[in-house]
Every structure is written in structure tokens, then in C-alpha cells.
Amino acid sequence: MLCAVAAPAMAQSISSLAQQAAAGREEVDAPRAAPVRPPAEAAPMARIPVAAVTLYPGDVISAGMLSQREVSDAVLDRGGIALQSSAVVGKAARRVIAAGQPVPLNALTEVTLVTKGVATRIQLKDGGLAISGYGMPLDSGAAGATIRLKNMDSGQIIVGEVAGDGTVWVKTR
């Protein structure tokens, strides 16, 4: 007794392929194309300031030290970077910022105009009275900061506000 085993529908024997080729009716499955994906949407881009040169701690940043670069919104979503040059120019670098990199806001600080322990000019104006002299700062400060100083003539501790030119204006009571 002979048992016939059914061949799977997809499987063909070599002899049946040869017969089909001889008969000129070769059936070949067309290659399947890769699934077509919709074109990726272009990621939205924005222009931000980046360091044009490597910035080192203490460098006061000018417009010439910056350039513009387009970055994706994914970079902006991380946050913490300067979005406009006006947020960077006139500030000092707190740490190294590599050329071509976005400028992190936490890497910037105000420019220190008065340094602790370095004699600075102090002025007082009250009505028609104007007094000037030198004092020894007990604190460092940027423009607008209130600092303590020691009057070098009298030895008294006084309080003043740092002006944009580095002069400390003494406050009257």
C-alpha cells in the first residue's frame, strides 16, 4: 500500500518547476516591495545663537563671538539655552562653551565690575553735597548689586550700589 503525502501548497518540486519552464509558463512570485511609509515631516527649525569661538570662564561675550545656527525644536524643548543674542551679549562665561555649541543660560553670569579686596572709587551725592574717595569692597558685585565696603579713610563699613562704570554710589540713610 502506498501512502501519498500532500506537499504544502507553496512548495514545488524541482521536476514541476522544470516542466513549467519548459512549457514557457514560468510562474514566479513578484518580489514584494517594502511597505511605503509616508514621507517624514521636516522637523521645525529655529535659529539660535551659538558660540563662534570657544569661550572661556571670565570672557565677556560680544556680538562678534556669536553666530547663528538652525536647530530642531527638539533641541529647544530641552530648554536652558539662549534663544536670542541679546540674552548673551554683555554677559560673562562661567565655564567653557565650545565653538558651535548653543549657549546654556546657566553658563552665563553678569560681568563683575567690583571685585572683593580691590580698591574702588566710591561716591556720595546728597542734595548739594558731593563726596568721593576710595573704599575696599567686602563683596564682589555686578552693575546694580548692593555691596559692603570699608571706607579707607575712616575705617567704617558703608553700603553702596555698583554703577555700570564700576563706581560705587553710597546710599544715605
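Details of the structure are given in the entry above.
This structure is a prediction, so every number in the text was calculated from the model and none was measured. (Residues numbered from 1 in each chain as written. Predicted model: local features only at pLDDT ≥ 70, side-chain atom pairs only at ≥ 80, totals over all residues. Heavy atoms only, no water.)

**Comments concerning the overall build of the protein**
Secondary structure assignment for the protein yields 2 helices and 11 strands. Counted from the first residue to the last, the protein has its helices and strands arranged as α-β-β-α-β-β-β-β-β-β-β-β-β. Counting every position in the protein, which comprises 173 residues, the buried fraction comes to 25%. Within the protein, contacts between residues at least 6 apart in sequence are counted, and of these 42% link residues at least 24 apart. Here the protein displays about 12,200 Å² of accessible surface, and carbon together with sulfur accounts for 55% of that area. (Helix = DSSP H or I, 4+ residues; strand = E, 2+ residues; numbered from the N terminus. Buried < 20%, exposed > 50% of the residue type's maximum accessible area, 1.4 Å probe, protein only. Contact = heavy atoms within 4.5 Å. Areas by Shrake-Rupley, 256 points an atom, 1.4 Å probe, with all protein chains shown as cover.)

**Focus on the environment of Val170**
Turning to its location among the elements, Val170 is positioned in strand E11 (residues 168-170). For Val170, the residues in contact, after removing those within four places along its chain, are Ile122, Gln123, Leu124, Ile158, Val159 and Gly160.

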